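These are the residues of each chain, in order.
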Amino acid sequence: LSGVTDMTHWTFDEQFPVIIKRLTDTLADGGGSWDKVQRATFLLHHEEKLDHLRESFAKAVSAKIPSLDYTFVGTRQGKRLEIELTAKLV
């Protein structure tokens, strides 16, 4: 899954649950779950706090994902976070 974000809300705390729900639903549509995710890449707006992202993600997703990558970015259009996933669904 590439480039899942939310531009309907302004803050990280508003965008985060929308993004997680979209990812969860898309994984389920493909016959998968967070347990199948091998890599998660987080593109976090440079004004946000990495610790807050990590805490939010740990509360939302209990699966142990082998690879977590974080990059700070300067984004347009109000994006505070974008998440890409690689999952093994076979």
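About the thresholds
- Residues numbered from 1 in each chain as written.
- Predicted model: local features only at pLDDT ≥ 70, side-chain atom pairs only at ≥ 80, totals over all residues.
- Heavy atoms only, no water.
- Axes fitted to C-alpha atoms, helices over the stretch in contact; angles between N-to-C directions.
- Helix = DSSP H or I, 4+ residues; strand = E, 2+ residues; numbered from the N terminus.
- Left-handed = near helix turned anticlockwise from the far one by under 90°.
- Contact = heavy atoms within 4.5 Å.
- Nonpolar A, V, L, I, M, F, W, Y, C, P; charged D, E, K, R; others polar.
- pLDDT = per-residue confidence, 0-100.
- Phe/Tyr/Trp six-rings, centres within 6.5 Å; stacked < 30°, edge-to-face > 60°.
- Buried < 20%, exposed > 50% of the residue type's maximum accessible area, 1.4 Å probe, protein only.
- Lys NZ or Arg CZ within 6 Å of the ring centre and 35° of its normal.

### Regarding the packing of helix 1 (residues 12–29) against helix 2 (residues 50–60)
Part 1 of the argument: Interaxial distance between helix 1 and helix 2 falls to 11 Å at its minimum, and their mutual angle equals 40 degrees. Remark: the crossing between helix 1 and helix 2 carries right-handed chirality. For the pair helix 1 and helix 2, contact is made by F12, D13, F16 and I20 and by H52, L53, S56, F57 and A60, respectively.
Part 2 of the argument: Along the lines of polarity and charge, the residues of the contact of helix 1 with helix 2 split into six nonpolar, two polar and one charged.

### Considering the confidence of the model for the protein chain
Low pLDDT means the predicted atomic positions in that stretch should not be read closely.
Part 1 of the argument: Of the residues in the protein chain, 100% reach a pLDDT of 70 or more, and the chain-wide mean stands at 95.
Part 2 of the argument: The least confident element of the protein chain, judged by mean pLDDT, is strand 1 (residues 4–5) at 95; the most confident is helix 2 at 98.

### So, the packing of aromatic side chains
To describe a pair of aromatic rings, one takes the distance between the centres and the angle between the planes.
Part 1 of the argument: Counted by the stated rule, this structure contains four aromatic pairs.
Part 2 of the argument: Residues W34 and F57 carry aromatic rings whose centres are separated by 5.7 Å and whose planes lie at 75 degrees to one another, so their mutual orientation is edge-to-face. With W34 in the loop between helix 1 and strand 2 (37–45) and F57 in helix 2, the pair connects residues that are 23 residues apart, well separated along the chain. In this structure, W34 and F57 share a single accessibility class: buried.
Part 3 of the argument: Above the plane of the ring of Y70 lies R54, whose end atom (NZ or CZ) is 4.7 Å from the centre.

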